[in-house]
Amino acid sequence: MNRAVAEAHPNIALVKYWGKRDRQLNLPAVSSLSLTLGPWRTRTAVSWGAEKDAVSFGGHPASDAVAKRVLGFLDRLDPGRPPCVVETDNDFPTGAGLASSASGFAALALAATAAAGRPIDAVALSRLARQGSGSACRSIFGGYVRWNRGERPDGLDSHATPIAPPEHWDLRMVVAVVDPGPKSVGSTEGMERSRRTSNLWDAWVAGSEAHVAEAHEAVLVRDLQRLGEVMERSTFEMHATLHSATPPLMYWRGATVEVLHEVFALRARGVGAWATMDAGPQVKVLCAPDDAECVADALRPLVSRVETLVPGGPARVVE
Ligand code: PMV
């Protein structure tokens, strides 16, 4: 038996991935751009060649749905694989729109390939992680990361690429945790509903490449206002496709909207802070390090928990 342990950080999309051109391979309808964030992390151990398959999460047996998804991923890596034991844990809320599937499948891809004695390069690892959860392809890399949608039906050109290391630009992501519980509707179902039923879908897809180009440029020249503005545009356009779907899907809760108004109020007072949301009610606020405390103080009365995240490094084997 071979065992390997890997860690990966979550990432938050500054320009969103929302929609699939191929569901089986998790090929995206749009390109996206993200920031990998620590200190939050997933830690995953894979034992390759055990008595029987077992998946645990936080020291307890994983739900059937999670176990099936994890073992299905290992089958994809090697259809003739031996039984495996997978032990994973997160030091942050899981399944709540806080990118736990991104760090989860990045850590799993790395631990599994290492345990199987088949290390692969970072680009191949990114393609593999993408098949577990689309956004996981970006958590293979640290810092500022771009995922081009690609054109090929086999997905070989659809993987993440680092555009700047974490040290390039020291920003903060202040996370306002509105509700740490699991989301009611998973991102795949949400994406499909938007694609199938929203009249805004075509506009969403058509606008995304320009947003990625704008954000990429803003990262390279370290222009926070430019990055913040395009980040907010991307998040509100993504959520507009959900709000206009049938039946409508709204991940926001009341406190989500309260936090958004507070961010706008901060900005009116001259604080450079911009908001983004994913498939959940939490709000993440991008700002400069010097403003992070003031942003966190303003949001704390509105939510159950506030955490400040910093640019993080790539996925790595730790044992
Ligand atoms: O990787 P998935 O299938 O959980 O999709 C993630 C989608 C968003 O978090 C909403 C956006 C993104 O780009 O991460």
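We now turn to the structure provided with this report. (Residues numbered from 1 in each chain as written. Predicted model: local features only at pLDDT ≥ 70, side-chain atom pairs only at ≥ 80, totals over all residues. Heavy atoms only, no water.)

**Observations regarding the overall build of the protein chain**
The number of helices and strands found in the protein chain is nine helices and 16 strands. In terms of overall dimensions, the protein chain is globule-like: its C-alpha atoms have a radius of gyration of 19 Å, near the 20 Å expected for 319 residues. Projected onto its principal axes, the C-alpha coordinates of the protein chain cover approximately 60 × 40 × 35 Å. Counting across all 319 residues of the protein chain, residues that qualify as buried make up 56%. (Helix = DSSP H or I, 4+ residues; strand = E, 2+ residues; numbered from the N terminus. Rg over C-alpha atoms; globule rule 2.2 N^0.38 Å. Buried < 20%, exposed > 50% of the residue type's maximum accessible area, 1.4 Å probe, protein only.)

**Quick look at the pairing of strand E7 (residues 54-57)**
Pairing between E7 and strand E9 (residues 84-90): four bridges, direction parallel. Bridged to Ser-56 within E9 is Glu-87. Examined bridge by bridge, E7 and strand E8 (residues 60-61) share two bridges and lie antiparallel to one another. Residue pairing for E8: Ser-56 is matched across the bridge by Pro-61. What sits between the antiparallel neighbours E7 and E8 is a turn of two residues, in which Gly-58 has the positive phi angle 60 degrees. (Pairing = 2+ DSSP bridges.)

**A look at the layout of surface pockets**
Taken as a whole, the second largest pocket encloses approximately 150 Å³ of empty space. Lining the second largest pocket are Asp-179, Gly-181, Pro-182, Lys-183, Ser-184, Met-250, Tyr-251, Trp-252, Arg-253 and Pro-281. For the lining of the second largest pocket, the residue count by class is five nonpolar, two polar and three charged. (1 Å grid on protein atoms, 1.4 Å probe; cavity = no way out; pocket = protein on both sides within 12 Å on 5 of 7 lines; lining within 4 Å. Points joined across faces, edges and corners; volume = space filled by probe spheres on them. Nonpolar A, V, L, I, M, F, W, Y, C, P; charged D, E, K, R; others polar.)

**Concerning the site of the ligand**
In the region of the ligand, 14 residues are neighbours, and Tyr-17, Ser-133, Ser-135, Arg-138 and Ser-187 sit closest. Here Ser-133 contributes a side-chain N or O atom positioned 2.9 Å from an oxygen atom of the ligand. Isolated, the ligand exposes 380 Å² of accessible area, and the fraction of that covered by the protein chains is 91%. Across the shell around the ligand, the residue classes tally to six nonpolar, five polar and three charged. (Near = heavy atom within 4 Å. Polar contact = N/O pair within 3.5 Å; in protein donor to acceptor, adjacent residues only side chain to side chain. Areas by Shrake-Rupley, 256 points an atom, 1.4 Å probe, with all protein chains shown as cover.)

**Things to note about the side chain of Ser-194**
Positionally, Ser-194 belongs in helix H5 (residues 187-197). Residue Ser-194 is classed as buried on the basis of its relative accessible area of 0%. Only 3.2 Å separates the side chain of Ser-194 from the side chain of Thr-241, close enough to count as a polar contact. Setting aside anything within four residues of it in sequence, one finds Ser-194 in contact with Trp-18, Trp-201, Thr-241, Leu-242 and Ala-245. (Contact = heavy atoms within 4.5 Å.)

**Concerning helix H1 (residues 64-77)**
Its 14 residues give H1 an end-to-end C-alpha distance of 20 Å, which sits within 8% of 20 Å, the value for a rise of 1.5 Å per residue. Buried residues of H1: Ala-67, Val-70, Leu-71, Phe-73, Leu-74 and Leu-77, and no others. The arc that holds every buried residue of H1, seen down its axis, measures 150 degrees, which confines them to one face. Along H1, exposed side chains directed more than 90 degrees from the buried face belong to Asp-64, Ala-65 and Lys-68. Contact partners of the buried residues in H1: strand E6 (42-48), E7, E9, helix H2 (100-115) and helix H3 (122-132). (Expected span 1.5 Å × (residues − 1). Arc of directions from axis to C-beta.)

**Remarks on the pattern of salt bridges**
Counted by the stated rule, this structure contains 22 salt bridges. In this structure, Asp-154 and Arg-152 form a salt bridge, with 2.6 Å as the shortest nitrogen-oxygen distance. You can call Asp-154 partly exposed: its relative accessible area is 38%. Across the salt bridge formed by Arg-267 and Glu-232, the nearest N and O atoms sit 2.7 Å from each other. With Arg-267 in helix H8 (residues 254-268) and Glu-232 in helix H7 (residues 224-243), this pair connects stretches of sequence that are 35 residues apart. Take Arg-267: its relative accessible area is 27%, and that puts it in the partly exposed class. Taking relative accessible area as the criterion, Glu-232 reaches 9% and is therefore assigned buried. (Salt bridge = Lys/Arg side-chain N within 4 Å of Asp/Glu carboxyl O.)

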